[in-house]
Amino acid sequence: MLALRFCRAVVETVHRLDLIISNKTAYQDVFKPENISLRNKLRELCVKLMFLHPVEYGRKAEEVLWRKVYYEVIQLIKTNKKHIHSRSALECAYRTHLIAGVGFYQHLLLYVQSHYQLELQCCIDWTHVSDPLIGCKKPVSASAKEMDWAQMACHRCLVYLGDLARYQNELALVDTEKLAERFYYQALTVVPQMGMPFNQLGTLAGSRYYHVEATYCYLRCIQSEVSFEGAYGNLKRLYDKAAKMYHQLKKSENRKLSPSKKR
């Protein structure tokens, strides 16, 4: 009954947030105190739901939390970036939104490790360390499926942290590229068979080394045991760009090219 009550509250809150996002002036309203409060309420409900019934609702609650509390706000701001001036109140609110997201997912990552007594010391450097003065905890009474969810939840927290660092890197005066890279590689260490972090690393690489680095990452994603569908489209776009560039160079063969173009 409690889970159903939480589910109903989540659906109602998501509906209210969708109405806000659908407005033409949504980018101006999204950081109003009442809308921030609504997202905080949804975040709290999703966390309660994922720990109450991790197997039944954990994955879905994680997805709703990331998409509705953080990702859709980020995409809204990026879509309307021409309206957002550097150092304006709106940009400041967006920076705060990203930093708050980092804080939340770091806390969630630690809490999941602590709650399920996961030993990730050999995988990541952001681990829960138990206090030796308290003594040994009682063995966690969780099923194998719950433990699997916990491991995957840690993996996804690291991917989300990488994404948040990547979005921070897109802002002027913020250099978090190495941090994003670190989070993605640690996500791969926790669950090596998942290809998603390779796709994110490809996006992070951008046009570096004539798109070769991104191409490698997308191929690694596709070849992973559990690939990410979006990598196919990303790779195709890079091949299309390379083909276009090649044909342009062929046309201008008779003209004098710069050394970088010849390369």
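Located above this text is the structure these notes cover.
These notes cover the structure that comes with them. (Residues numbered from 1 in each chain as written. Predicted model: local features only at pLDDT ≥ 70, side-chain atom pairs only at ≥ 80, totals over all residues. Heavy atoms only, no water.)

## So, the overall build of the protein chain
- Of the regular secondary structure elements, the protein chain holds 11 helices and 0 strands.
- The N-to-C order of helical and strand elements in the protein chain reads α-α-α-α-α-α-α-α-α-α-α.
- C-alpha atoms of the protein chain, sized along the principal axes, occupy 75 × 45 × 35 Å.
- Looking at the 263 residues of the protein chain, the share that counts as buried comes to 43%.
- Taking all contacts inside the protein chain whose residues are at least 6 apart in sequence as the whole, residues at least 24 apart take part in 64%.
- When the accessible area of the protein chain is evaluated, it comes to approximately 15,700 Å², of which 57% is carbon and sulfur surface.
- The distance from the centre of the 38 positive side-chain charges to the centre of the 25 negative ones in the protein chain is 8 Å. (Helix = DSSP H or I, 4+ residues; strand = E, 2+ residues; numbered from the N terminus. Buried < 20%, exposed > 50% of the residue type's maximum accessible area, 1.4 Å probe, protein only. Contact = heavy atoms within 4.5 Å. Areas by Shrake-Rupley, 256 points an atom, 1.4 Å probe, with all protein chains shown as cover. Lys, Arg positive; Asp, Glu negative; His and termini not counted. Charge placed at Lys NZ, Arg CZ, Asp CG, Glu CD.)

## Here's the deal with the side chain of Gln113
- On the secondary structure map, Gln113 appears in helix α5 (residues 89-116).
- In contact with Gln113, other than residues within four places in its own chain, are Leu118, Leu120, Ile124, Trp126, Thr127, His128 and Cys154.

## Section: the packing of aromatic side chains
- According to the stated counting rule, one finds 11 aromatic pairs in the structure shown.
- With a centroid separation of 4.9 Å and 75° between ring planes, the pair formed by Phe104 and Tyr105 is classed as edge-to-face. The burial state of Phe104 is the same as that of Tyr105; both residues are buried.
- For the pair Tyr116 and Trp149, a centre-to-centre distance of 6.0 Å together with 70° between the ring planes defines the contact as edge-to-face. Here Trp149 lies in helix α6 (residues 144-169) and Tyr116 lies in helix α5, a separation of 33 residues in the sequence. Judged on exposure class, the residue Tyr116 and its partner Trp149 are both buried.
- Cluster of aromatic residues (ring-pair linked, three or more members): Trp66, Tyr70, Tyr71, Phe104, Tyr105 and Tyr160.
- Over the ring of Tyr167 we find Arg166; its NZ or CZ atom is 5.1 Å from the centre of that ring.
- The ring of Phe183 has Arg182 lying over it, and the distance from NZ or CZ to the ring centre is 5.3 Å. (Phe/Tyr/Trp six-rings, centres within 6.5 Å; stacked < 30°, edge-to-face > 60°. Lys NZ or Arg CZ within 6 Å of the ring centre and 35° of its normal.)

## Things to note about helix α10 (residues 230-251)
- Across its 22 residues, α10 extends 32 Å between first and last C-alpha, which sits within 8% of the 32 Å expected from 1.5 Å per residue.
- Within α10 the residues assigned to the buried category are Ala231, Asn234, Leu235 and Leu238. Buried residues of α10, viewed axially, fall in a sector of 95°; they line one side. For α10, the exposed residues set more than 90 degrees away from the buried face come down to Lys236, Arg237, Lys244 and Lys251. (Expected span 1.5 Å × (residues − 1). Arc of directions from axis to C-beta.)

## Remarks on the layout of surface pockets
- When its volume is computed, the largest pocket comes out at roughly 710 Å³.
- In terms of lining, the largest pocket is formed by 31 residues, of which the most central are Asp163, Met196, Asn199, Gln200 and Phe228.
- For the lining of the largest pocket, the secondary-structure elements that each account for two or more residues are α4 (54-79), α6, α8 (196-205), α9 (212-223) and α10.
- The residue inventory of the lining of the largest pocket, partitioned by class, reads 12 nonpolar, 10 polar and 9 charged. (1 Å grid on protein atoms, 1.4 Å probe; cavity = no way out; pocket = protein on both sides within 12 Å on 5 of 7 lines; lining within 4 Å. Points joined across faces, edges and corners; volume = space filled by probe spheres on them. Nonpolar A, V, L, I, M, F, W, Y, C, P; charged D, E, K, R; others polar.)

## Section: the pattern of salt bridges
- Taken as a whole, this structure holds 14 salt bridges when the rule is applied.
- With a shortest N-O distance of 2.8 Å, Glu62 and Arg156 are connected by a salt bridge. Residue Glu62 is found in helix α4, and its partner Arg156 is found in helix α6; the two are separated by 94 residues along the sequence. For the pair Glu62 and Arg156, one class covers both residues: buried.
- One salt bridge in this structure joins Asp163 and Arg166, with 3.1 Å as the shortest N-O distance. Remark: Arg166 and Asp163 occur in helix α6; sequence separation between them is 3 residues, near one turn of the helix.
- Judged by relative accessible area, Asp163 falls into the buried class, the value being 5%. (Salt bridge = Lys/Arg side-chain N within 4 Å of Asp/Glu carboxyl O.)

## Description of unusual backbone geometry
- Of note in the backbone geometry, Tyr209 takes a positive phi value of approximately 50° without being a glycine.
- The residue Tyr209 is located in the loop between α8 and α9 in this model.
- In this structure Tyr209 comes out as exposed when scored by relative accessible area, which is 60%.
- Within the chain, His211 stands out as a residue other than glycine whose phi angle is a positive 70°.
- Residue position: His211 is located in the loop between α8 and α9.
- Look at His211 and you get buried, because its relative accessible area is 15%.

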